[in-house]
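# Report on the structure
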Amino acid sequence: MDPLNEEQERFAGSLRAAIARRAAFAREQHPEGVGKPPLELLWAELRSLYRGGHKVRFTGQRVQPAVSPMPVMLLPGFGAHPKRMKPMADALSAAGHHVHQWGLGLNLGPNERNFSYLMRRVAIIARENWHPVVTGHSVDSPPIDCDFSEKPAVPTIALWSPRDGIIQPRAAAGWPHERDRAVAIRCSHLDFSSSPKVVAEVLRQLDVRE
């Protein structure tokens, strides 16, 4: 088989498996008191896809230099490509932060190989920059044992939107004992990677000293 065709078939297989896994996850019974976002909010998500958030250009205006520049790794959401996070990456770089992409292209969901690659990559970045790490995992089927009820022993900030058409606000904001701060920003779910309000808030939070 042609190596190119083999790679395309492998990618298609991974995509089908990822979609099937997410579809099965969506069909699971919701926890008591938790429902889906209103249907009308989903249309805003579709409009965001039509606009193409990754095409939004960062102008570099009104970005203050970071108080303490630090290494920042950007991980695209499920089904997203790093290109969609370009406005965020440009703003972080303009502020003086050292931006690193996750290095795995389109995010088709977690698996053991990807997780191992990310851990090695994070370790290298931390060692090169002499900076403490904040690491994470997927919310469904994480490849490591963990207790979701415990807050990570590092500053943890949840940015969430009451206009989110994909993630229920309670799930996005979390409970007080699960994070240090929760900041509400009115934008669609898919605009989180490029919304000027979100970019400005990420820059602000990175300058907050605990």
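Let me begin by describing the structure that accompanies this report.

The rules we used
- Residues numbered from 1 in each chain as written.
- Predicted model: local features only at pLDDT ≥ 70, side-chain atom pairs only at ≥ 80, totals over all residues.
- Heavy atoms only, no water.
- Pairing = 2+ DSSP bridges.
- Helix = DSSP H or I, 4+ residues; strand = E, 2+ residues; numbered from the N terminus.
- Right-handed = clockwise from strand over helix to strand, strands pointing away.
- Patch = residues over 30% accessible without salt bridge, like charges linked within 9 Å, V, L, I, M, F, W, Y side chains within 5 Å.
- Areas by Shrake-Rupley, 256 points an atom, 1.4 Å probe, with all protein chains shown as cover.
- Salt bridge = Lys/Arg side-chain N within 4 Å of Asp/Glu carboxyl O.
- Buried < 20%, exposed > 50% of the residue type's maximum accessible area, 1.4 Å probe, protein only.
- Axes fitted to C-alpha atoms, helices over the stretch in contact; angles between N-to-C directions.
- Parallel < 35°, antiparallel > 145°, perpendicular 65-115°, else oblique.
- Left-handed = near helix turned anticlockwise from the far one by under 90°.
- Contact = heavy atoms within 4.5 Å.

The next subject is the pairing of strand β2 (residues 98–101). Judged from the 4 bridges that link them, strand β1 (residues 71–74) and β2 form a sheet pairing that is parallel. Residue pairing across strands places Leu74 opposite Gln101, the latter belonging to β2. Chirality of the crossover, the property in question, places the unit of β1, helix α3 (residues 86–95) and β2 among those that are right-handed.

On the surface, Leu39, Leu42, Trp43, Leu46, Ile166 and Ile167 cluster together into a nonpolar patch covering about 530 Å² of accessible area. Here Trp43 lies in helix α2 (residues 39–51). By relative accessible area, Trp43 is classed as partly exposed at 47%.

Right, let's get into the pairing of strand β3 (residues 157–160). In regular strands, side chains alternate between the two faces of the sheet. The alternating pattern of β3 places Ala158 and Trp160 on a buried face, while none of Ile157 and Leu159, on the opposite face, is buried. Relative to strand β4 (residues 181–184), β3 runs parallel, the two being bridged by 4 bridges. Bridging from a neighbouring strand, Trp160 pairs with Ala184 of β4.

Attention now goes to the packing of α3 against helix α6 (residues 196–206). Helix packing for two helices is described by the angle between their axes and how far apart those axes are. Two elements in contact, α3 and α6, have axes whose closest approach is 10 Å; the angle formed by their N-to-C orientations is 40°. In terms of their interaxial angle, α3 and α6 are classed as oblique. The interaxial crossing formed by α3 with α6 has right-handed handedness. In this structure, α3 uses Met88, Ala91, Leu92 and Ala95 to contact α6, whose residues at the interface are Val198, Val199, Val202, Leu203 and Leu206.

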